[in-house]
Amino acid sequence: MLNIALPTGRLGDRAYSVLRDAGYGCGDVFGDNRKLIFKNEEQGISYFLVKPVDVPIYVEYGIADIGVAGKDILIEHSPDVYELLDLGIGRCRMAVAAKNGYKEDNNRTLRVATKFVNAAKAFYRGKSREIEIIKLSGSIETAPLLELSDVIVDIVETGTTLKENGLSVIEEIFPISARLIANKSSYNFKSVIINEAVEKLKGEIKK
Ligand code: PRP
């Protein structure tokens with residue numbers, strides 16, 4: 001049995017299409033239903049749909065043999081998993097943004113609002129810049145608008161959210177895309193089926 005953890009939402013939906021086209025279809029995954037666990041006993045596949053940030057947890061604990069996670073989540077949480085393949089979907093970037101026309105005062109501690117605390121800390125440590133992290137859970141863009149922070153560290157995909165809120169990118173931190181990850185012991189014990197999946201997915205990505 002190959003157990004696969006997928007993120008709920010748009011990225012999971014797109015990842016499932018790639019997996020299905022590569023021969024790993026499994027019933028009505030991401031269909032018009034609220035089911036979260038799908039099994040195809042005949043094909044020996046099961047899917048779990050979990051919150052994007054939880055995919056590496058299910059994989060690290062071996063509940064899922066493989067999974068799909070954004071590079072942002074892998075960088076932020078450093079799970080003990082193998083990263084097998086860049087799926088080339090869910091492309092976006094981690095960036096610093098602020099209000100249009102923002103000028104940084106280097107004599108003051110920089111207030112940084114973000115969901116990605118570790119990524120932000122590592123970025124500013126690399127610049128030896130003193131910061132204060134303000135951890136938020138979502139809608140990060142409101143923080144500089146309401147003067148809660150000077151800047152934000154957040155994901156930018158189309159740039160629409162920044163634009164519609166009068167914000168702009170100051171610096172790019174790293175590019176992001178979805179990665180196929182594997183549990184380390186599953187990768188040893190199920191190496192044949194996992195490597196077969198990697199090869200089929202590579203073929204599908206090239207198309
Ligand atoms: C993400 C991110 C930005 C937005 C960027 O938010 O935090 O807000 O997408 O996308 P864009 O550049 O295409 O506008 P998400 O939708 O994950 O919700 P969140 O506010 O809960 O983080």
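Residues numbered from 1 in each chain as written. Predicted model: local features only at pLDDT ≥ 70, side-chain atom pairs only at ≥ 80, totals over all residues. Heavy atoms only, no water.

So, the pairing of strand β3 (residues 45-50)
Thought 1: Burial runs high along β3: six of the six residues are buried.
Thought 2: Residue alternation in β3 divides its side chains into two sets, Ile 45, Tyr 47 and Leu 49 and Ser 46, Phe 48 and Val 50, and both sets are buried.
Thought 3: Pairing of strand β1 (residues 2-7) with β3, which is carried by six bridges, proceeds in the parallel orientation. Its bridge partner being in β3, Pro 7 is matched across the sheet by Val 50.
Thought 4: Taking the residues that link successive antiparallel strands as the turn, the strand β2 (residues 37-40)-β3 hairpin has four residues, and the phi of Gly 44 there is positive, at about 70 degrees. (Buried < 20%, exposed > 50% of the residue type's maximum accessible area, 1.4 Å probe, protein only. Helix = DSSP H or I, 4+ residues; strand = E, 2+ residues; numbered from the N terminus. Pairing = 2+ DSSP bridges.)

Observations regarding unusual backbone geometry
Thought 1: Unlike most non-glycine residues, Ser 78 shows phi in positive territory, near 40 degrees.
Thought 2: Here Ser 78 is to be found in the loop between α3 (71-77) and β5 (82-86).
Thought 3: Of the residues examined, Ser 78 reaches a relative accessible area of 57% and is grouped as exposed.
Thought 4: In this structure, Ser 139 takes a positive phi of about 45 degrees despite not being glycine.
Thought 5: By the secondary structure assignment, Ser 139 is in the loop between β8 (131-135) and α5 (142-145).

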